[in-house]
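What follows is each chain in one-letter form.
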Amino acid sequence: MNTAVTRVRTARTARTKGASGLGLVAWLAGILFFLPIAWMTLTSFHSEEDAATNPPSVAASLTLDGYRDFFGTGGGASPWPALINSTVASVASTLCVLLLALPAAYALSIRPVKKWTDVLFFFLSTKMLPVVAGLLPIYLFAKNAEMLDNIWLLVILYTSMNLPIAVWMMQSFLAEVPVAIIEAAQIDGARLPTILARVVAPIALPGIAATALICFIFSWNELLFARVLTGVVAQTAPVFLTGFITSQGLFLAKVCAASLVISLPVLAAGFAAQDKLVQGLSLGAVK
């Protein structure tokens, strides 16, 4: 009896030590990933002279000159048009993706079509094409359609780029919706738009939130198409950020300040939707 108790205690101790070790590794990994952000934040509050020192000066005096230069108070270009363009392109394309992906995922999961796995693979295969391979045809199309430097062209492009991955993600989320609830709504006379809006969407809300956040991040961070297809009117925040790298040199404090400000919307959206994001990414993981 004592031997069995001792074995149980030994096993519990080993599991506790293993869990503690994994927790320590997780904390170290989190700190390792957070260090570049913390260093960028600290550098953004330094003067250009202190930011350019090698090795960098941690205890240098703090200043807001980098942020003043970024927001154009020193006579430079204002970042607000670029930030507004990025917001419009990201939010509008994300809404369009959700409106198109929800019924498509419904057809592929709750009411599956024939060979629905082939359809999903086709959707995902469109992401395998290198983005640069489609750059010239899209540029020529936009030029002939007189849509260069137009924010709505980016909305269309971002919608088409994010739609395949959104359908793929939401199909797995909607597959967890109980069919009996949908059949009950149909018996009560609810039509497809009502079922999608009032039955399927509330149940799959964590998955929809996770999909929306990922699409928003992809749209906000996109640079190649925005760099080539926009100029001044439809310039986005990442394109505006590249303007700080000039032939005169790299101004580290100003670039760090601009990078931090441009990253804030994504960080804020992720923080606000973190509960839904975790629920959505883990939906269906445990049966």
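About the thresholds
Along each chain, residue indices are assigned from 1 in the same order as the chain's sequence is written. The model is predicted, so local features are restricted to residues of pLDDT at least 70 and side-chain atom pairs to those at 80 or more, both for listing and for counting; the totals for chains, interfaces and linings are taken over all residues. With hydrogens and water excluded, all non-hydrogen atoms of the structure serve as input to the side-chain values. Any Phe, Tyr or Trp ring, taking Trp's six-membered ring, that has another such ring centre within 6.5 Å forms a pair; planes under 30 degrees apart are called stacked, those over 60 apart edge-to-face, and the others tilted. Throughout this description, buried means an accessible area under 20% of the type-specific maximum (1.4 Å probe, protein chains only), exposed means over 50%, and partly exposed covers the range between. Numbering of helices and strands starts at the N terminus; helices are DSSP runs of H or I of at least 4 residues and strands are runs of E of at least 2. Only when the NZ atom of a Lys or the CZ atom of an Arg is both within 6 Å of the ring centre and within 35 degrees of the ring normal do we say a charge sits over the ring. Residue contacts are counted whenever heavy atoms from the two residues lie within 4.5 Å of one another. A residue's pLDDT is the confidence the predictor assigns to it, expressed on a 0 to 100 scale. Multiplying 1.5 Å by the helix residue count minus one yields the expected span of that helix. Each axis is a line fitted through C-alpha atoms, taken for helices only over the stretch in contact, and angles between the N-to-C directions span 0 to 180 degrees. Note on convention: the crossing is left-handed when the near helix lies turned anticlockwise from the far helix by less than a right angle, right-handed when the turn is clockwise. Ten residue types, Ala, Val, Leu, Ile, Met, Phe, Trp, Tyr, Cys and Pro, are classed as nonpolar, four, Asp, Glu, Lys and Arg, as charged, and the remainder, Gly among them, as polar. Salt bridges are counted wherever a side-chain nitrogen of Lys or Arg sits within 4 Å of a carboxyl oxygen of Asp or Glu. Throughout this description, any angle smaller than 35 degrees is read as roughly parallel, any larger than 145 degrees as roughly antiparallel, any in the 65 to 115 degree range as roughly perpendicular, and the remainder as oblique.

A. Representation of the packing of aromatic side chains in the model. Scanning the model with the defined rule gives 5 aromatic pairs in all. For the ring pair Phe-70 and Phe-71, a centre distance of 5.0 Å and an interplane angle of 75° mean the geometry is edge-to-face. You can call Phe-70 buried: its relative accessible area is 1%. The exposure class assigned to Phe-71 is partly exposed, which follows from its relative accessible area of 30%. Taking the centre distance of 5.9 Å and the plane angle of 75° together, the rings of Phe-70 and Phe-240 count as edge-to-face. In this pair, Phe-70 is assigned in helix α3 (residues 65-70) and Phe-240 in helix α12 (residues 237-242), connecting sequence segments 170 residues apart. Since its relative accessible area comes to 11%, Phe-240 is described here as buried. Pairwise contacts between aromatic rings join Phe-70, Phe-71, Trp-80 and Phe-240 into one cluster. Over the ring of Phe-251 we find Lys-254; its NZ or CZ atom is 5.0 Å from the centre of that ring.

B. Representation of the environment of Phe-70 in the model. The spatial distance from the C-alpha of Phe-70 to the C-alpha of Val-261 is 9.1 Å, given a sequence separation of 191 residues. Those residues in contact with Phe-70 that lie beyond four places of it in its chain are Ala-77, Pro-79, Phe-240, Phe-244, Ala-258, Val-261 and Ile-262.

C. Representation of the confidence of the model for the chain in the model. Scored by pLDDT, the chain comes out at a mean of 82, with 85% of its residues at no less than 70. Across the chain, helix α11 (residues 224-229) holds the top mean pLDDT of 93, while helix α14 (residues 274-281) sits lowest at 61.

D. Local environment of helix α10 (residues 205-221). For α10, spanning 17 residues, the distance from its first C-alpha to its last is 24 Å, which sits close to the expected 24 Å at 1.5 Å a residue. Most of α10 is tucked away: 12 of the 17 residues are buried. Among the residues making up α10, those that are buried are Pro-206, Gly-207, Ile-208, Ala-209, Ala-210, Thr-211, Ala-212, Leu-213, Cys-215, Phe-216, Ser-219 and Trp-220.

E. Representation of the packing of helix α4 (residues 80-109) against helix α7 (residues 151-174) in the model. For the pair α4 and α7, interaxial distance at closest approach is 6 Å and the crossing angle is 35°. In this structure, α4 crosses over α7, and the sense of that crossing is right-handed. Its residues placed into classes, the contact of α4 with α7 shows 23 nonpolar, 6 polar and no charged.

F. Looking closely at the side chain of Glu-222. With respect to the secondary-structure elements, Glu-222 resides in the loop between α10 and α11. Once residues lying within four places of it in the same chain are set aside, the contact partners of Glu-222 are Tyr-158, Met-161 and Pro-238.

G. Spatial organisation of unusual backbone geometry. A positive phi is found at Glu-146, a non-glycine position, where the angle reads about 55°. For Glu-146, the position within the fold is in the loop between α6 (135-144) and α7. Using a relative accessible area of 71% as the deciding quantity, one classes Glu-146 as exposed. Its identity as a non-glycine residue notwithstanding, Asp-149 has a phi of 60°, on the positive side. Here Asp-149 is to be found in the loop between α6 and α7.

H. Structural view of the pattern of salt bridges. The final tally for this structure, using the stated rule, is 1 salt bridge. Linking Asp-65 and Arg-68 is a salt bridge whose minimum nitrogen-to-oxygen distance equals 2.8 Å. Taken together, the residues span about one helical turn, with Asp-65 and Arg-68 both in helix α3 at a distance of 3 residues.

I. Here's a closer look at the packing of helix α9 (residues 192-203) against α10. Viewed as axis vectors pointing N to C, α9 and α10 meet at an angle of 80°, and their least axial separation amounts to 4 Å. Overall, the two elements α9 and α10 adopt an arrangement that is roughly perpendicular. Judged by residue contacts, Ala-201, Pro-202 and Ile-203 of α9 engage Leu-205, Pro-206 and Ile-208 from α10.

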